[in-house]
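What the coordinates show
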Amino acid sequence: MISEIANRIFNQAITDYHQFDDIDYPISNPYDAESLEHLFYLKNWIDTAQWHMEDVVRNPEIDPVEGLSWKRRIDAQNQVRTDMVEFIDGYFLNLYQGIKAEANAKVNTESPAWAIDRLSILALKIYHMREEAERPSASAAHRELCQTKLDVLLTQREDLSKSIDELLTDIEAGKKYMKVYKQMKMYNDPSLNPILYKKA
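Residues numbered from 1 in each chain as written. Predicted model: local features only at pLDDT ≥ 70, side-chain atom pairs only at ≥ 80, totals over all residues. Heavy atoms only, no water.

Description of the overall build of the protein chain
The test is simple: Helix and strand assignments follow DSSP, with helices taken as H or I runs no shorter than four residues and strands as E runs no shorter than two, numbered in order from the N terminus. Only protein chains enter the accessibility calculation, which uses a 1.4 Å probe; a residue is then buried when its area is under 20% of its type maximum, exposed when over 50%, and partly exposed in between. Should any heavy atoms of two residues lie within 4.5 Å, those residues are considered in contact. Throughout, the Shrake-Rupley method with a 1.4 Å probe supplies accessible areas, and for residues the shown protein chains are the sole cover considered. All tallies of charge rest on Lys and Arg as positive and Asp and Glu as negative; His and the ends of each chain are not included. The location of each charge is read from NZ of Lys, CZ of Arg, CG of Asp or CD of Glu.
When helices and strands are counted, the protein chain shows 6 helices and 2 strands. Of the regular secondary structure in the protein chain, the N- to C-terminal order runs α-α-α-β-α-α-β-α. For the protein chain, the spread of C-alpha atoms along the principal axes amounts to about 60 × 55 × 30 Å. Buried positions account for 38% of the 200 residues belonging to the protein chain. Considering only residue pairs separated by 6 or more positions, the protein chain has 75% of its internal contacts joining residues 24 or more positions apart. Per element, the accessible surface of the protein chain, about 12100 Å² overall, is 54% carbon and sulfur. Computing the positive centroid from 24 side-chain charges and the negative centroid from 33, the protein chain places the two 7 Å apart.

Below you can see the structure in the form of C-alpha cells.
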C-alpha cells in the first residue's frame, strides 16, 4: 500500500535529518531519482526543515531583522513544499492517465498528494510529540498530556493512511478520478502581490 511506503520513508527521512538536526544540512536521498520513494523522502525532508524554521522564528528573543529574514525563508520553503506536492500529484496523474473513469465517478475533495502532504506533517507531529511524551526533564503531568495527544495523532495517521489507500484504489478502479487544482499562491509572486508590484 502507498501509505505504508510513505509512512516508512517519512520516518526514515525524519530520523536521518535528526542525526544532524541542521536546517542547512544537505539532503542525501537514498532512493532512485525516478522513483516515488525518492519523491516521498524529498517531500518529508522539505517539511522537516520547514518545521524547524518555524521553531527558530518563534524565539521571543530573536532579533527582528533576523526574524524577518527567517520569515521570508519560510515563505520560500513553503513554495518549494507546494511545488513538491504538485509534482507528486503529477506522478499520480501520469500513473492513472490510462484509466477510464466510470460514468458516475466522483472527484475527491482532496488530491492524493495533498493527502500525502498531511501524512508527512503527521509524521513530524508524531515524532516530536513522542519526544515530549518521553522527555525526562518534563513533569509527569506534561508527559502524560503529551502521551494523550500522541495517541490521538497515531489514530489520525491510521485513519488518514486508510483513506489515502482507499482513494488510490478507487481511482485505479475508475470509481473516482483525479482533478488537480494548482495552489496558485500569490504572496511570493511580484506580479500578483500588490505590496510588491506597487513598489515596482
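Picking up after the structure, the text goes on.
Observations regarding the packing of aromatic side chains
Condition: Here a pair means two rings of Phe, Tyr or Trp (six-membered ring of Trp) with centres within 6.5 Å. Their orientation is stacked below 30 degrees between planes, edge-to-face above 60, and tilted elsewhere.
The tally for this structure, following the rule as stated, stands at 7 aromatic pairs. Each ring, one from Tyr17 and one from Trp45, has its centre 5.5 Å from the other, and the planes form 70°; the classification is edge-to-face. With Tyr17 in helix 1 (residues 2–17) and Trp45 in helix 2 (residues 36–57), this residue pair connects regions lying 28 residues apart in the sequence. The exposure classification of Tyr17 matches that of Trp45, with both residues buried. By the ring-pair criterion, three or more aromatic residues cluster together here, those being Tyr17, Tyr31, Tyr41 and Trp45.

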